[in-house]
Structures are given as structure tokens and as C-alpha cells.
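Secondary and tertiary structure notes
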Amino acid sequence: MDIFEYISLIFTDYTIRNISLGTGALGAICGVLGSFAVLRKESLLGDAISHAALPGIVLAFMITQAKDNYVLLIGAIISGLIGTLLISGIVTNTRLKKDAALGIVLSVFFGFGMLLLTFIQKNPDATQAGLDKYLFGQAATLMENDVKLLSIVLGLSLLVLLMFWKELKVALFDSDYAKSIGIKTRFLDSLISFFIVLAIVLGLQTVGVVLMSAMLLAPAAAARQWTNRLYVMLIIAAILGVISGVVGTAVSTTYNNLSTGPVIVVIAILIVIISFLFSPKRGLLMRQILFIRSRKKIEQTKVLLLMYNIAKTHDDVGHPHSNKILNNFQGIGKNVLKSLENQGWIKVNEGMWLMTEKGFNYAEELNKGITL
Amino acid sequence: MILPQFEIQIVASLVAIACAIIGVFLVLRKMSLISDAISHSILLGIVLGFFITHDLNSPVLILFAALVGVLTVVLVEFIQKTKLVKEDTAIGLVFPALFSIGIILISTNASDIHLDIDAVLLGELAFAPFDRFIVMDYDLGPKSVWIMGGILLIIVVSLFLFYKELKVTTFDPGLSAVLGISPILIHYGLMSISSITIVGAFDAVGAILVVAFIIVPASTAYLITDNLRKMLIYSVAFGVISAILGYWLAFILDASIAGAMTAVLGLIFILVYLIAPKHGFLSNLSLQKRQAKEVKMLTLLLHLNSLNDGIENEEREIKHLYRHFRWTKKQANSILKFAEENGMIEIDKELIFLTNKGKEFSAKAIDYIITNRDDKIEGMKNEFMLFRG
């Protein structure tokens, strides 16, 4: 199946449409809520919570014996929330740092879930809750109802963001100030945490437990490179999330045998790499260009001042000197002389250079600035 | 106890000891989640190693896995250095990327072979005794005992050789650089050994249990001691106890061994978290309560101190406290009792007076509040926690 066939299938094929819509919606949710996780320095919360959801899923299955997806989701949410509470409990009550708290919750909850899972697996007439699907995700199982649920959650989280936008922003960037003007930061924190847990749990069945953390933070980390404004970041993150989801699904369906979750994550990470390299203000490429430019500038200034010091010992500023004089002091490239000539500060002629009036005045100013 | 049972416990204990030692340094350096990242990304190393050797038991796999483990650390640090994202974001980007590439490589190239990702992640300790190390028809026991034993030997030897260096670089990298110990060298040494340990251990117990054995015992130990040597000993002890108790729990319940061991680790952590004498939840709670009481008592003393003798007696009435401070009767009584026990006040016919000690104390406290100098309150520190931190 090639890519054009795929695009036509999005409009005609029921399953493929559901999967694309579902992964797209998931990408948008993750982009928006992930931005908050990244800015709150809780990037790895996704990793911890996705693991912490396992015992909830298994317990929900054991108690209800229902294969109903929603019951398992509620179990996952409850155990994810307990995990978040425990993480903040450990951080506030002990001297353990956040990394240790996340690691403890992640591994212990997951191990406990595995322990519970063996009881289900032993029970002969109960089908397994699908550990595989949970570990690696299966976008192919996205149904129309799942798409609806994802859209509702997306709408709900956008609504909440709009309602508390100003408060959230203040609490995010200056929580002490927010507290002092009477904003209930604790309530807002719990609200956002709740929605992050919700996003993670919904993402589990699509991309799986291991890759959920990347799904949550990659679009946000990429978006952060392109802007310093919160709402712009959220919008870009949402768009990048949708692109990763939809393109990832397209690639994995076009090439048979590829599981969707890993492909989505690889696409998202590629977007992050592109953003790291090419973002106009913070990108590594731009940084390198600026670095080279400023090094060149420094070299130019150095040569110009050297010339100034030679030229000022003569009555006539424009007295020509051999280029070799400069070389006696230090190696000076032709490029530097050329760029100085281009600025109209000096004139170069057959191995000789002379300073123009303009260049002399400029150098005098520079020299003043330096000796001051 | 039959032989395989004994062997499983030996393997688990070796893993627990190795992980517990490394965990102490990772937790102290606030890098514990790097173990989570390594334990996932080594999947890529195993896949690459398999493509080269086409043999799942080849030691090349372990070598590649360890290399990818170190690569994970290098990549994370490279991203951190660019300062484009916060450090934990760097971890969260690197390991899913490497893990995804690993899975995609498996599904495109190796779908016909049996490289079970579940087994990589979850591990199966129960199978450890079946993979024997046989030299010239002579059975030397399970392979994993030898592998983990070897790794543990490396760890213990390097721990003894570089104990001082590890200690200095962990607690004061600046000082270590001054002393001529390179923090970077020690850091990469530690990362390489962590990587090798995780690779060796996850084969036996799975990625998640490795992470649990690294982070949980060390964190538990950190709650009850301030001494690095003791922390190492406690951490190892917690690890081994959990491994053995976990094994028998799994045996009794007929359940997943790795799951049971993590559950025991978690239980021990929760227990210590609740009752740890200095850094626990309950001691924290009682500390907060005591501090609140002391603050209230101090307010009372300062209030009394500001009153003139005789003239303002209505302000000395116990009833006045209810209105003035909005204390309930019960609260007021407990604070009055607390202040009386400490000899700060005397109650005479429903009127409260400062004793000499109380007057001295409030004068000192005011002095401290005004000048904010520590030496004014040296003597009070022992008696009242309020002034300690």
C-alpha cells in the first residue's frame, strides 16, 4: 500500500479513519498537557504514571471480571492518581529527590501489578487483560468509541485551560506570587495532574507503557524551541502532536509489520531533533552561526585596532603600510582585510594597506570604548 | 529447599547486592532515573548484537547492550549541555527513541526469530537455573550466577579501590576537582559499571526489577542514615532481604517472582517511609505539630511580655486568649500546659504571668527576631526545635 492509497483510505476505510483520528486526537491532548508537564519540570511523570497504572488495570479486572475497556480505564486512573500522590508525598515528607520518588513509584507499582497479573493468568476461564496491548500499545484496536472519548477529553482539557488560563499561567511561572495573590495553586496543580494522568492512561492502549513518556513530552519539548509564549507553545505542541500521531499511523500502516506506537514516537523525536537544530532563536545551528559571526567580529576589531595604533603614529592617517607589518605581529588572514575593506574602513592595494578617514574615526571610537 | 530454588535465591541475591551498591550512588547523585533509561534502551543494543552474531546467547549481545547503555548516558548529557530542555526531559526523550528504534528493527528484520520483548522487560527468574554453565561436561551451576558473580566482583573491587573518590565526587564535585580527582572520570566509570550491571541483571530478572533493585533499597537506606558506609550496608541488606522474602512470597502464592520481590521492596520502603525516626512521614508530622505548638507558645509569651504589670490584667485572663488568638479552649489549655511544663508561665487565679525564665526567653527571642543572629539563641536550640532550622 502506498501513501496515496492510504490517504484515500482515510476517507473511505472505517478502521483506518478511526485509528488516524484517534492517534491525532491523542497527539493533540499529549501536546497540550505535556507542555505543562515539561514546564513544571515533571517530564518523567509520564513514565512513572504509565507504569503505575498497571495494578489499577489488573485490580479493576479482578474485581469486576469485566472486559469493558472503561472499567479498566477507571482502575488505571485511580492507581495513576495514587501514584502521583505518593510521589509528591515522598518529595515533601522526606529528603528523597523527585527522581528517586518517580523511580520508586514506577518500579514498585509495576512490580505489584505483575504480581497481581499472575493471579489472572492462573484463572483458566478468564481471558488475560492483555498485558501485551498495555506494554506496547495497539493503535489498531482504536474504536469509534475510543475516538469519541479522546475528543471529549481533548475538549474538556481545552475548556479547563480556557477557564483557568490566567491563574494557570501565573501558578506555572511564579507559584509564590500566585499564592500571595490568593490563587489556589494546590487546586490548579491537582487539576493539571489529573488531566495529565488522564492523558497518559488514554495513551497507554495506543503507544504502550514504555513509549508514553515520549508521547507526552516530545511535542512539548519541540514546541518550546520555537516560542517563548505559553499559548503559542501549547498550539505548536498540539499541532506537532497531531502530526506525529497521524504521520506515524500513516507510515506504520503503509509498511506492514510496523507497530504504530514506536513509529509515532520516532516521528515525534525526529521533530524534536529538527527543532533542536533549526529553531531560529535557540537552535544549535543558529547558535553555531552566531558563534562564528562573533568570532569573526572580534578578529576584525583586533586587526582594526592594530592598524589604528600604527596609523596614529603618522601625521597622515592614510599613509600606506605593507601588509607584512601586520603579519609580524600575528597571522592575519586575507578574509579579514577584505571584510574590513568592504566596510570602507581600509583600502588594500598590492600588498599595502592604508586607513581611510572613516576607518580611523571608527577605530578611535572603539579604542576609547576599550580603554575606558 | 531443592537445588533450583536455592540457585534462584543466589542469583536474586547477587543481583540485589550489585544493584543496591550502585543504587546508593545513583540516588545520592540524583540520577536514579538514568537506570530506568538504560534498562530500556539496551534493547537496541541486544537487537544490534543479534543482527551481527545471529546468536541470542552470544556475549557480543551483552557488550553491545552495555555500549548502548553508555550511549544513552552520553546522549542525555549532550542534550542537557545544550540547555535546550531541562535535564529530566532529556532522559525522557532519549530512551524511548532508542527503545522505539529497537522495536522497529525487530519487527522489520527479525520477525521470524524469537526475540521476546516481554521477556526482556519482565524477565523470568524461574528460568535462571536451566541455563547451565558447563565446562568439559562438568556442570558449574547456572550461567547467571557466574555472570552476576563476576559483575558483583568488579563492583566490589572498584568500590574498595575508589571509595574515597566516589565519596568526594558524589558530595562535593568542586572539592574533588581541587583535590585532583576528576569528577567526570568517576562519573563515566560509575555509568559504565551501572550499564554493565543493568545488562547483566536484566537478563535474569527483567528491566523493571533491575530498576526497583537499584532505586528502592538505596532510597530506603537514605531515609534512616546520614553515613555513606551505613547507607551501603543497609541498602544491600534491604535488597537481599527483599529478594529472599520475595522469592518465598512468590512460592507460597504461586506468583511472579519478580513481581513479588518488587512488592516486598515496596512494602519495606513504605514501612520505613512511615516510621523512619528523622526523615519519615510520622516523625515529620509530629515535628510539624511540635513546631506549630512552639510557635503558638512563643506568640503567647510575646503577648504577655508586652503587657504592663497590673494595669492590663484583663489581657492576662485565660478567656482572653480565646478571643485574642482565636484559640479553642482545648488548644489554649494544651499550650498553657506546654508553657507551664517548660517553666515559662505561672497561672494565678485565672491570670497568666511570665516567670523569670519566660521573661528571659521572650527577651532573647525578640533579640533574635530583631537582629536575626544565631548566637543569641545557642542555648535554646536544644530545648526548642523551632530555632533549629
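Small disclaimer: the values here were computed from a predicted structure and weren't measured.

Counting its secondary structure elements, chain B contains 16 helices and 4 strands. Across the 389 residues in chain B, those meeting the buried criterion constitute 52%. Contacts in chain B between residues far apart in sequence, at least 24 positions, make up 65% of those at least 6 positions apart. Counting every atom, chain B has about 18,600 Å² of accessible surface; 64% of that belongs to carbon and sulfur.

This paragraph deals with the packing of helix H2 (residues 14-39) of chain A against helix H11 (residues 212-224) of chain A. Residues and elements named next belong to chain A. With their axes 7 Å apart at the nearest point, H2 and H11 run at an angle of 75 degrees to one another. As far as their axial angle goes, H11 and H2 are roughly perpendicular. Contacts between H2 and H11 pair Gly27, Cys30, Gly31, Gly34, Ser35, Ala37, Val38 and Leu39 from the former with Met212, Met215, Leu216, Leu217, Pro219, Ala220 and Arg224 from the latter. Of the residues belonging to the contact of H2 with H11, the class tally is 10 nonpolar, 4 polar and 1 charged.

Okay, the sheet that holds strand S2 (residues 346-349) of chain A next. Residue and element names in this part refer to chain A. With respect to topology, 3 strands assemble into an open sheet ordered S1-S3-S2, the strand pairing being antiparallel. Because the sheet does not close on itself, it has two edges, and the strands there are strand S1 (321-322) and S2. Bridging between S1 and strand S3 (residues 352-355) involves 2 bridges; their strand directions are antiparallel. Residue serine 322 lies in a different strand from S3, and its bridge partner there is methionine 352. Packed on one face of the sheet, helix H14 (residues 284-311) meets S1, S2 and S3 and runs near 80 degrees to S3.

With that out of the way, let us pick up the interface of chain B and chain A. Contact residues are listed per partner, giving 61 residues for chain B and 57 residues for chain A. Regarding the contact of chain B and chain A, the summed buried area is about 4,900 Å², with carbon and sulfur atoms giving 73% of it. It is Leu33, Leu84 and Leu93 of chain B in chain B that bury the most area against chain A; as a group they hold 13% of the surface buried on that side. In this assembly, chain B and chain A are joined by 1 salt bridge. Measuring nitrogen to oxygen at the nearest pair gives 2.8 Å for the salt bridge that ties aspartate 226 of chain B to arginine 95 of chain A.

We now examine unusual backbone geometry. Residues and elements named next belong to chain B. Within the chain, lysine 30 stands out as a residue other than glycine whose phi angle is a positive 55 degrees. Position of lysine 30 among the secondary structure elements: in the loop between helix H1 (3-28) and helix H2 (33-53). Even without glycine at this site, lysine 83 takes up a positive phi of about 60 degrees. Assignment of secondary structure puts lysine 83 in the loop between helix H3 (59-82) and helix H4 (87-109). For lysine 83, a relative accessible area of 69% puts it in the exposed group.

The biggest cluster of nonpolar side chains holds 193 residues, and the ones touching the most others in it are Leu96 of chain A together with Leu125, Phe213 and Met261 of chain B. If one sorts the elements of this core by residue count, H1 of chain B sits on top with 15 residues. In this structure, phenylalanine 213 of chain B is in contact with Val15, Ala16, Cys19, Ala20, Gly239, Ala243, Met261 and Leu265 of chain B, ignoring residues within four places of it in sequence. Counting 21 residues, the second-largest nonpolar core is a separate cluster that includes Leu307, Ile345, Ile352 and Leu354 of chain B.

Another point: the pattern of salt bridges. Residues and elements named next belong to chain A. Evaluated as defined, the whole model comprises 5 salt bridges over all chains. Of the charged contacts in the structure, one is a salt bridge between glutamate 42 and arginine 40, with a shortest N-O distance of 3.1 Å. Exposure class is identical for glutamate 42 and arginine 40. Each is buried. The class for glutamate 42 is buried, based on a relative accessible area of 15%.

To continue, consider the packing of aromatic side chains. The description of an aromatic ring pair rests on the distance of the ring centres and on the angle between the ring planes. Applying the stated criterion across every chain yields a total of 9 aromatic pairs over all chains. Centroid distance tyrosine 247 of chain B to tryptophan 248 of chain B: 5.2 Å. Interplanar angle 80 degrees. Geometry classified as edge-to-face. Taking the relative accessible area as the measure of exposure, tryptophan 248 of chain B reaches 27% and is therefore partly exposed. Aromatic rings pair up to connect Tyr247, Trp248 and Phe251 of chain B into one cluster. We note arginine 95 of chain A situated over the ring of tyrosine 222 of chain B; from NZ or CZ to the ring centre the distance is 4.1 Å.

Here we take up a nonpolar patch on the surface. All names here are of chain A. Residues Trp226, Leu270, Ile273, Ile274, Leu277, Phe278, Leu285 and Ile289 make up a contiguous nonpolar surface patch of roughly 710 Å² in combined accessible area. A per-element tally of the nonpolar patch places helix H13 (residues 260-278) first, with 5 residues. Along the polypeptide, phenylalanine 278 turns up in helix H13. Under the relative-accessibility criterion, phenylalanine 278 is labelled partly exposed at 47%.

Per-residue confidence for chain A gives a mean pLDDT of 84, with 91% of residues at or over 70. Across chain A, element-level confidence peaks in H13 of chain A with a mean pLDDT of 92 and bottoms out in helix H15 (residues 323-329) of chain A with 64.

Before going further, it helps to spend a moment on the domain arrangement of chain A. Split by domain assignment, chain A resolves into domain 1 (3-282) and domain 2 (286-371). Placing a centre on the C-alpha atoms of domain 1 of chain A and another on those of domain 2 of chain A gives a separation of 58 Å.

Our focus in this paragraph is the confidence of the model for chain B. Residue and element names in this part refer to chain B. With 88% of its residues at a pLDDT of 70 or more, chain B has an overall mean of 83. Per-element averaging of pLDDT across chain B places helix H5 (residues 117-122) at the bottom with 60 and helix H11 (residues 228-253) at the top with 94. Reported confidence for the predicted complex is 0.84 by ipTM and 0.84 by pTM.

Let's shift gears to the pairing of strand S3 (residues 345-348) of chain B. Consecutive side chains of a regular strand alternate in pointing toward one face of the sheet and then the other. In this sheet, strand S4 (residues 351-354) of chain B lies alongside S3 of chain B in antiparallel orientation, the contact comprising 4 bridges. Bridge pairing in S4 of chain B places isoleucine 347 of chain B opposite isoleucine 352 of chain B.

Running from N to C, H13 of chain A and H4 of chain B cross one another at 135 degrees; their axes reach a closest spacing of 9 Å. With respect to each other, H13 of chain A and H4 of chain B are oriented oblique. In this structure, H13 of chain A meets H4 of chain B at a crossing whose hand is left-handed. Packed against H13 of chain A, whose contacting residues are Pro262, Val263, Val265, Val266, Ile269, Val272 and Phe276 of chain A, the element H4 of chain B presents Leu93, Pro96, Ala97, Ser100, Ile101, Ile103 and Ile104 of chain B at the interface.

Another aspect to go through is a negative patch on the surface. A contiguous patch of negative charge, built from Glu340, Glu341, Glu346 and Asp348 of chain B, is present on the exposed surface. The set of elements that each furnish at least two residues to the negative patch consists of helix H15 (329-341) and S3 of chain B.

Here we take up the side chain of threonine 227 of chain A. All names here are of chain A. With respect to the helices and strands, threonine 227 occurs in the loop between H11 and helix H12 (230-254). A distance of 2.9 Å separates a polar side-chain atom of threonine 227 from the backbone nitrogen of arginine 229. Setting aside chain neighbours within four positions, we find threonine 227 in contact with Val232, Met233 and Ile236.

Okay, the pairing of S3 of chain A next. Residue and element names in this part refer to chain A. Of the two faces of S3, the one holding Trp353 and Met355 is buried and the one holding Met352 and Leu354 is not buried anywhere. Examined bridge by bridge, S2 and S3 share 4 bridges and lie antiparallel to one another. Along S3, the bridge assignment pairs isoleucine 346 with methionine 355. From the end of S2 to the start of S3, which pair antiparallel, there are 2 residues, and glutamate 350 there has a positive phi angle of about 45 degrees.

The rules behind each value
- Residues numbered from 1 in each chain as written.
- Chains lettered and ligands numbered in written order.
- Predicted model: local features only at pLDDT ≥ 70, side-chain atom pairs only at ≥ 80, totals over all residues.
- Heavy atoms only, no water.
- Helix = DSSP H or I, 4+ residues; strand = E, 2+ residues; numbered from the N terminus.
- Buried < 20%, exposed > 50% of the residue type's maximum accessible area, 1.4 Å probe, protein only.
- Contact = heavy atoms within 4.5 Å.
- Areas by Shrake-Rupley, 256 points an atom, 1.4 Å probe, with all protein chains shown as cover.
- Axes fitted to C-alpha atoms, helices over the stretch in contact; angles between N-to-C directions.
- Parallel < 35°, antiparallel > 145°, perpendicular 65-115°, else oblique.
- Nonpolar A, V, L, I, M, F, W, Y, C, P; charged D, E, K, R; others polar.
- Pairing = 2+ DSSP bridges.
- Buried area = accessible area lost by both parts, 1.4 Å probe.
- Salt bridge = Lys/Arg side-chain N within 4 Å of Asp/Glu carboxyl O.
- Core = buried A, V, L, I, M, F, W, Y, C linked by side-chain atoms within 4.5 Å.
- Phe/Tyr/Trp six-rings, centres within 6.5 Å; stacked < 30°, edge-to-face > 60°.
- Lys NZ or Arg CZ within 6 Å of the ring centre and 35° of its normal.
- Patch = residues over 30% accessible without salt bridge, like charges linked within 9 Å, V, L, I, M, F, W, Y side chains within 5 Å.
- pLDDT = per-residue confidence, 0-100.
- Domains from an automatic or database assignment.
- Left-handed = near helix turned anticlockwise from the far one by under 90°.
- Lys, Arg positive; Asp, Glu negative; His and termini not counted.
- Charge placed at Lys NZ, Arg CZ, Asp CG, Glu CD.
- Polar contact = N/O pair within 3.5 Å; in protein donor to acceptor, adjacent residues only side chain to side chain.

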